[in-house]
Amino acid sequence: MNIDFDKTDGLIPVVIQDTQTLEVLMLGYMNREAYDKTVQENIVTFYSRSKQRLWTKGETSQNYLHVQEMHIDCDNDTLLIKVKADGPTCHTGSRSCFKTGYNQNFILELERIVNDRYVNPQEGSYINKLRGKGLNKIAQKVGEEGVETVIAALAETETDLINEASDLVFHLLVLLREKGLTLDTIAKNLEGRHK
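Numbering of residues starts from 1 in each chain and follows the order in which that chain's sequence is written. Totals for whole chains, interfaces and linings use all residues, but because this is a predicted model, local features are given only for residues with pLDDT of at least 70 and pairs of side-chain atoms are given and counted only at 80 or more. To obtain the side-chain values, all non-hydrogen atoms of the structure were used and water was disregarded.

Going by what an unreviewed UniProt entry lists, the chain is known as Histidine biosynthesis bifunctional protein HisIE and is assigned to Mucilaginibacter limnophilus. You can read under Subcellular location (unreviewed entry) in the UniProt record for the chain the words "Cytoplasm". UniProt positions are given in the numbering used here, feature names are shortened, and annotations may be inferred rather than shown by experiment.

J.: Honestly, the packing of helix α4 (residues 135-155) against helix α5 (residues 158-178) in this entry has me stumped. Any pointers?
T.: Packed helix pairs are specified by the crossing angle of their axes together with the interaxial distance, meaning the distance between the axes. Here an angle of 0 to 180 degrees is reported between the N-to-C directions of two axes, which are lines fitted to C-alpha atoms, with helices fitted over the stretch in contact. Elements are defined by DSSP. Helices are runs of H or I of four residues or more, strands are runs of E of two residues or more, and each kind is numbered from the N terminus. Direction vectors running N to C along α4 and α5 enclose 160 degrees, while the axes themselves pass 8 Å from each other. Here α4 lies roughly antiparallel to α5, going by the angle between them. Here the hand of the crossing between α4 and α5 comes out left-handed. When α4 is examined against α5, the residues Leu135, Ile138, Ala139, Lys141, Val142, Glu145, Gly146, Glu148, Thr149, Ala152 and Ala153 are found in contact with a partner set consisting of Asp160, Leu161, Glu164, Ala165, Asp167, Leu168, His171, Leu172, Val174, Leu175 and Glu178. Tallied by class, the residues present in the contact of α4 with α5 amount to 12 nonpolar, three polar and seven charged. Roughly parallel means an angle under 35 degrees; roughly antiparallel means over 145; roughly perpendicular covers 65 to 115; every other angle is labelled oblique. Left-handed describes a crossing whose near helix is turned anticlockwise from the far helix through less than a right angle; right-handed describes the clockwise counterpart. Contact definition: two residues touch when any of their heavy atoms are within 4.5 Å. Gly is put with the polar residues, along with every residue not named as nonpolar or charged; the nonpolar set is Ala, Val, Leu, Ile, Met, Phe, Trp, Tyr, Cys and Pro, and the charged set is Asp, Glu, Lys and Arg.

J.: Help me understand a nonpolar patch on the surface, please; the structure alone is not making it clear to me.
T.: Each patch is built from salt-bridge-free residues with over 30% relative accessible area, joining like charges within 9 Å and nonpolar side chains (Val, Leu, Ile, Met, Phe, Trp, Tyr) within 5 Å. For accessible areas, the Shrake-Rupley method is used with a probe of radius 1.4 Å. Any residue's cover is judged against the shown protein chains and nothing else. Here, a salt bridge means any side-chain nitrogen of Lys or Arg that lies within 4 Å of a carboxyl oxygen of Asp or Glu. A grouping of Val24, Leu27 and Phe98 is seen on the molecular surface, where their side chains present a nonpolar patch of about 250 Å² in accessible area. Tracing the backbone through its elements, the reader meets Phe98 in the loop between β6 (79-85) and α2 (106-119). Partly exposed residues are those whose accessible area sits between 20% and 50% of the maximum for their type, while under 20% is buried and over 50% is exposed, using a 1.4 Å probe and protein chains only. Since its relative accessible area comes to 42%, Phe98 is described here as partly exposed.

J.: Would you take a moment to explain the environment of Arg177 for this structure?
T.: Here Arg177 shows up in helix α5. With a relative accessible area of 25%, Arg177 lands in the partly exposed category. Sequence separation of Arg177 and Val114 is 63 residues, and the distance between their C-alpha atoms is 7.5 Å. Those residues within four positions of Arg177 in sequence are excluded, and the remaining contacts are Val114, Asn115, Tyr118 and Val119.

J.: I tried to follow the sheet that holds strand β5 (residues 65-72) on my own but got confused; where do I start?
T.: Two strands in a sheet stick together by hydrogen bonds in their backbones, pointing the same way (parallel) or opposite ways (antiparallel). Taken in spatial order, the four strands make up an open sheet running β2-β1-β6-β5, and their pairing is mixed. Two strands close off the open sheet at either side, each with one partner strand: β2 (24-30) and β5. Strand-to-strand, the axes of this sheet are offset by a mean angle of 30 degrees, without reference to chain direction. DSSP bridges decide pairing: two strands pair if at least two such bridges lie between them. Taken together, the seven bridges between β5 and β6 define a ladder with antiparallel strand orientation.

See below:
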């Protein structure tokens with residue numbers, strides 16, 4: 001990347017974003033040395049203005065930020081780094097340094113959880129029990145939840161509709177994973193249809 005460190009007196013702002021949920025986790029700063037170390041190790045290292053030294057996020061908490069993608073802005077003086085976080089990003093123990101109140105992209109997080117259950121099966125996990133029953137049962141559950149969502153929309157309370165729609169989305173995520181598809185695939189398809 002052709003980063004212009006000189007334009008910003010040697011430090012550039014770096015926006016850290018969760019690669020799966022797209023939630024903004026924090027803002028930090030890098031000098032050239034921190035950038036080079038980040039590229040070399042694939043773990044985010046900042047330049048700490050208060051400590052006046054390089055600082056690898058997670059060096060004391062073990063909540064490292066693993067680099068998945070790096071993007072530079074149009075002026076070549078700000079980085080966006082998409083990461084997989086080992087745990088909470090904020091020193092307060094919160095997922096993000098920004099107080100959004102909730103993870104507005106939890107469906108993407110849930111997709112990651114479903115995928116993790118496939119890769120690392122857990123005893124007693126509902127996902128693994130459903131998976132063990134095969135594709136036909138998984139597809140049947142999506143159909144059942146779809147019908148229950150329609151019934152709730154037409155004849156039940158808003159709370160019932162929210163609960164049934166949540167069940168439908170969850171089971172759809174399991175079906176997509178069973179078929180080797182992701183929400184990203186669906187989003188790209190929807191975007192293509194929109195054009």
